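# Summary of the model geometry
Here is how the chains run, residue by residue.
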Amino acid sequence: IEVETESTALSVDEANIGTTAGAKATIDDVTALFTVTEGNDTAETVYTLDASGLEDVEALINGTWTPVESEGDGTAEVTGKVGDVTVFTLSIADEKLTFTQEVVLKHEGSDPAEADDLDLGSVDIVATVTDKDGDVVSETSTVTLKVTDAVPEIEVVTGQTDLKVDEADISD
């Protein structure tokens, strides 16, 4: 197996949480990250995720910032949870990697103009190839994960500054 060495990144925008678009990013074809040479017999490739590179993050649950725990390392799906609440999911299905964020994550800094993307760390996609006579080889490709902060916006509406008072209803 040969691994493409280009840096691969997935980024979601928290502004899309709860919308029909969702806070989701994908790599449509993880097979493009690897070059597999099967040899004389056919082989099967299985993709799993190594989430040991994920950073510690906190999610906003019931108004409180709470540490997120990751589950599923070494499988095709890694889930970040706080108790029973799913915060994010990373999954490989049909050779497609999908990162979905369900809950707002804590971003450091208080100045929205200087808000950086949250570096969620990285996940390794592990490709394991097994041929018909039982030979097994594995390689990894690293994907970095970023979350764009949902920054509040304010707009001044012009033409709405005139106030009028009708004194007719005021008694002496």
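Preceding block: the structure.
Residues numbered from 1 in each chain as written. Predicted model: local features only at pLDDT ≥ 70, side-chain atom pairs only at ≥ 80, totals over all residues. Heavy atoms only, no water.

With that settled, consider the sheet that holds strand β12 (residues 118–131). In space, the four strands of this open sheet follow the order β2-β13-β12-β5, with mixed pairing throughout. Strand pairing shows two members of the sheet lacking a second neighbour, β2 (8–13) and β5 (43–50), which therefore form its edges. Strand-to-strand twist of the sheet, defined as the mean angle between neighbouring strand axes without regard to direction, takes the value 25 degrees. (Pairing = 2+ DSSP bridges. Helix = DSSP H or I, 4+ residues; strand = E, 2+ residues; numbered from the N terminus. Axes fitted to C-alpha atoms, helices over the stretch in contact; angles between N-to-C directions.)

All right, on to the packing of aromatic side chains then. Summed over all chains, the structure comprises two aromatic pairs. A ring pair is formed by F88 and F99, whose centres lie 6.0 Å apart and whose planes are at 70 degrees; its orientation type is edge-to-face. Taken as a pair, F88 in strand β10 (residues 85–93) and F99 in strand β11 (residues 96–101) lie far apart in primary sequence, eleven residues in all. A relative accessible area of 2% places F88 in the buried class. (Phe/Tyr/Trp six-rings, centres within 6.5 Å; stacked < 30°, edge-to-face > 60°. Buried < 20%, exposed > 50% of the residue type's maximum accessible area, 1.4 Å probe, protein only.)

Note: strand β9 (residues 77–82) against β10, six bridges, orientation antiparallel. Residue pairing across strands places V78 opposite L90, the latter belonging to β10. Between the end of β9 and the start of β10, which pair antiparallel, lie two residues, with G83 showing a positive phi angle near 60 degrees. With six bridges connecting them, β10 and β11 associate as antiparallel partners. Considered in β11, the bridge of A93 is made with K96.

On to a nonpolar patch on the surface. A surface patch of nonpolar side chains, about 230 Å² in accessible area, is lined by L60, W65 and V104. Residue position: V104 is located in the loop between β11 and β12. Classification of V104 as partly exposed rests on a relative accessible area of 33%. (Patch = residues over 30% accessible without salt bridge, like charges linked within 9 Å, V, L, I, M, F, W, Y side chains within 5 Å. Areas by Shrake-Rupley, 256 points an atom, 1.4 Å probe, with all protein chains shown as cover. Salt bridge = Lys/Arg side-chain N within 4 Å of Asp/Glu carboxyl O.)

Membership of the largest hydrophobic core comes to 34 residues, with the highest contact counts inside it found for L97, F99, L105, I125 and L145. What F99 contacts, discounting residues up to four positions off in sequence, is L10, V12, A23, K24, A25, F88, T89, L90, L120, L145, K146 and V147. (Core = buried A, V, L, I, M, F, W, Y, C linked by side-chain atoms within 4.5 Å. Contact = heavy atoms within 4.5 Å.)

Below, the discussion takes up the environment of G74. Within the secondary structure layout, G74 lies in the loop between β8 (69–71) and β9. Under the relative-accessibility criterion, G74 is labelled partly exposed at 47%. In sequence terms G74 and V126 are 52 residues apart; their C-alpha atoms lie 8.5 Å from each other. If sequence neighbours within four positions are ignored, G74 has contacts with T48 and L49.

Another point: the sheet that holds β11. Hydrogen bonding along the main chain pairs the strands of a sheet, whether they run parallel or antiparallel. Here we have five strands laid out as an open sheet, ordered β3-β11-β10-β9-β8, and antiparallel in their pairing. Looking along the sheet, the strands with just one partner apiece sit at the ends: β3 (23–27) and β8. Shown here is a sheet whose adjacent strand axes are inclined to one another by a mean of 15 degrees, direction ignored. With three bridges connecting them, β8 and β9 associate as antiparallel partners. Residue S70 lies in a different strand from β9, and its bridge partner there is G80.

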